[in-house]
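Results of the structural survey
Chain by chain, the residues:
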Amino acid sequence: MTASKQTLEEILNLAAVHFKVPREKLTSDDDFFKTLGIDSLQALDLLTRLENHFHIELPDYELQGVSDFRTLAERIQARL
Amino acid sequence: MLNLDQYTCLGAALRDALDRWPNETCLIEADRDREKTRLTYSDFKEVALPLARALEDAGFSSGDRAAIIMTNQSKWLISAYAVFYRGGVLVPLDYKLTAGEHLQLLAHSKAQFLIVEYYLWRAITRSPEFKNHKLTKVLVTEAPLGADLAGAYRWEDFRRKGDPAFNPREREDVACIVYSSGTGGRPKGCVLTQENYLEQCKSLTALYPFWPGVQYLSILPTNHAIDFMVGFIGPFVCGACVVHLRTLRPEFVRDAFVRYKITYVALVPMILKNLERGLRGKFDELSAGKRFLLYRMIALNKSLTRKQPKVGVSRKLLSQVHREFGGELRAMFTGGAFVEPSTLQFFYDLGIPVANGYGLTEAGTSLTLNDLKPFRADTVGKPLPGVELRILNPDSEGIGEVAVHGKTVMSHYLDDPELTAQTIVDGWLVTGDLGRFDGNGHLQLFGRKKNMIVTEGGKNIYPEDIENVFDGLPVKEYCIFAANYLWPAKSLGREMLVLLLRLEQNQEFTDALKEEIVSRNRRLPDFKRVGGYLVYGKDFPRTASMKIKRNELAEDIRKVLGRAAVVEL
């Protein structure tokens, strides 16, 4: 499933605000661990923010092996 | 607790535990703020025995191998007990590995049965290697209704009426095959006996006892040696309770401490650091007056607990901090990777001792552990009872390779006599870790002799295992080293992997090449990625069979290049 542009855009906006990174520095294929300078625990924290934003529940395993925004958006899109 | 000397196998000890404390709670499973499962020892028995009977009817018996791939949850322990009840050998695999890696280790372990969580099974069935699997029966937990299980059975339906036959095992029989690491080139399957586990459990619980009413929070993966012992075997043979969380988001972990009044928890250094950061942040938010008062209390607690922890005193002096952890926390266990002494000291000063230890899958959950008499942040403690440690070839500072002998040392590496012979020499397991004993018999660690790193998350990463990601990289040759192996730092910090490149004649290191490296690096899980690269000016020395002579190469690199030459990725 291809993530809608809007979902991807919302994720990028949210990540930028939450981790205080200029939005223009984030792109959909970025490795968010690297771009945001976060570890796996902080990535889980991001997942919680995304759950609240999209009003869905995302099991931790949805983040397993995912390190770019586009794939993350696809996982979220599948649950919307 | 049960007297483990009278048992020859884990199955028998666990079976007696279920009868000894029928009304005590043994398992709680929560998902976010919802409690999903709460089982007494008697309930546990009721759920596990029909599974054991179904395994029996499916032909599973003594010595047969069953793998488990699941996140931490009650079904993990129930399944493991059913396997032990039938005299089986458990192969606990890391759920964080990829599907291809799971299939590789399933094949290597020759597991006939697999008990697996649905989302992991789904990934396994989609893997190109799936068609070659040799599993005879697969049980899948929590599969959605109507899901295609590719021939597997639903765990929840896989049960039969009637008493299963209990198959006892001898102490020298194999209990588990645990992969310490290595999925790329050479899987390292540690064959651990019933005695290994019974003896580990005995010595650990002697130092940190469990009892009915203790609530252990299970966060580390249960396939990992530490959680398997202190999040399953240890609590069960003492009538204690294990709390599982289906999500490890920091906020739910923090809530769980309070909701379940956690007594013990085992953590990897990364989570410990995260807790420290959180607490320090909260301290900073206090008003100047309150902060001053808090630091006075911490100083007072520190002076009163200099010789040994005094739980009651600390809880009174620093009640607010202790309430954050539920008010019943007695100690946190950590190990598997380097922990900053300042972090250990931070928690100890708050009256929450961190029992820092040293262990490895091959030789026991814990070989040394801080006994807190008194607390030491700069060591990994003294050897546990029954564990003999020796420093091989010590240098002028007394630092040499740590070797271990004792009843907790594994039997061998599965199907790898060569590696076994290199690792266990005259009954002593050489660990590859550098250490020395201080005047008080405490072990201090100083880095690694072997080419590997241990991440803050407690994962062993062998460079050779991830080199294939760079296959076809447009350079003459390449290999990966652990930086601390190339340049021994006599320190366990600053661990990273370095990609060593030998360029073609007249080839230049271009941006395009860098991008290619970065892109390939991203295919690796974050904890396995290389941190930097290094361009080397000569051909790699190789054996007649074209294997890289790593020792020789490392020696030459040391001569011509320093750590500063590494370019970070």
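All of these numbers come straight from a predicted model, not from anything done at the bench.

A word on the nonpolar core
Residue and element names in this part refer to chain B. In this structure, L90 and Y216 are the most contacted members of the largest nonpolar core, which totals 152 residues. Per-element accounting of this core gives the leading share, 9 residues, to helix α3 (residues 74-85). Split by domain, this core shows at least three residues from each of two domains, domain 1 (4-265) and domain 2 (268-448). Beyond its immediate chain neighbours, meaning those up to four positions away, Y216 contacts V230, G231, P235, A240, C241, V242, V243, T263, Y264 and V265. Membership of the second largest hydrophobic core comes to 24 residues, among which are C479, A482, Y485 and Y533.

Let's talk about the interface of chain A and chain B
Chain A puts 14 residues into the contact, and the matching count from chain B is 14 residues. Top contributing element to the side of chain A that touches chain B by residue count: helix α3 (residues 40-54) of chain A, with 6 residues. Taken together, the residues of the side of chain A that touches chain B sort by class into 5 nonpolar, 5 polar and 4 charged.

Looking at the sheet that holds strand β13 (residues 331-334) of chain B
Pairing is mixed in the open sheet, where 9 strands are placed in the order β2-β1-β11-β10-β12-β13-β14-β15-β16 (chain B). For this open sheet the edge positions go to β2 (34-40) and β16 (382-383) of chain B, each flanked by a neighbour on one side alone.

Quick notes on the sheet that holds strand β26 (residues 497-502) of chain B
All names here are of chain B. The 4 strands lie next to each other as β25-β26-β27-β28, forming an open sheet whose pairing is mixed. Every interior strand has two partners, whereas the edge strands, β25 (477-482) and β28 (567-568), have only one. Relative to β26, β25 runs antiparallel, the two sharing 6 bridges. Across the sheet, Y478 pairs through a bridge with L501, a residue of β26.

Considerations on helix α4 (residues 69-77) of chain A
All names here are of chain A. Here α4 has its buried residues at F69, L72, A73 and I76. The buried residues of α4 occupy an angular sector of 100 degrees when the element is viewed end-on, so they sit on one face. Looking at the buried positions of α4, the neighbouring elements they touch are α1 (5-18), α2 (32-36) and α3.

Focus on the environment of K20(A)
Residue and element names in this part refer to chain A. In this structure, K20 sits in the loop between α1 and α2. Residue K20 is classed as exposed on the basis of its 7 C-beta neighbours within 10 Å. Residues K20 and L36, 16 residues apart in the sequence, show an inter-C-alpha distance of 8.6 Å.

A word on the domain arrangement of chain B
As assigned here, chain B comprises domain 1 (4-265), domain 2 (268-448) and domain 3 (462-568). Computed from C-alpha coordinates alone, the two centres of domain 2 of chain B and domain 3 of chain B are separated by 32 Å.

Concerning the packing of α1(A) against α3(A)
All names here are of chain A. Two numbers describe how α1 lies on α3: the axes approach to 11 Å, and their chain directions differ by 125 degrees. As summarised for this structure, α1 and α3 are arranged oblique, according to the angle between their axes. Between α1 and α3 lies a crossing of right-handed hand. Across the interface between the two elements, E10, I11, L14, A15 and H18 of α1 pack against L46, R49, L50 and H53 of α3. When its residues are assigned to classes, the contact of α1 with α3 shows 5 nonpolar, 2 polar and 2 charged.

Considerations on the environment of T8(B)
Residues and elements named next belong to chain B. Considering the arrangement of structural elements, one finds T8 in the segment before α1 (10-20). Classification of T8 by C-beta neighbours within 10 Å gives partly exposed; the count is 16. Dropping the residues within four chain positions of it, T8 is found in contact with P168, R169, E170, R171 and Q194.

What counts and how
Residues numbered from 1 in each chain as written. Chains lettered and ligands numbered in written order. Predicted model: local features only at pLDDT ≥ 70, side-chain atom pairs only at ≥ 80, totals over all residues. Core = buried A, V, L, I, M, F, W, Y, C linked by C-beta atoms within 7 Å. Buried ≥ 20, exposed ≤ 12 C-beta atoms within 10 Å, placed from the backbone. Helix = DSSP H or I, 4+ residues; strand = E, 2+ residues; numbered from the N terminus. Domains from an automatic or database assignment. Contact = placed C-beta atoms within 7 Å. Nonpolar A, V, L, I, M, F, W, Y, C, P; charged D, E, K, R; others polar. Pairing = 2+ DSSP bridges. Arc of directions from axis to C-beta. Axes fitted to C-alpha atoms, helices over the stretch in contact; angles between N-to-C directions. Parallel < 35°, antiparallel > 145°, perpendicular 65-115°, else oblique. Left-handed = near helix turned anticlockwise from the far one by under 90°.

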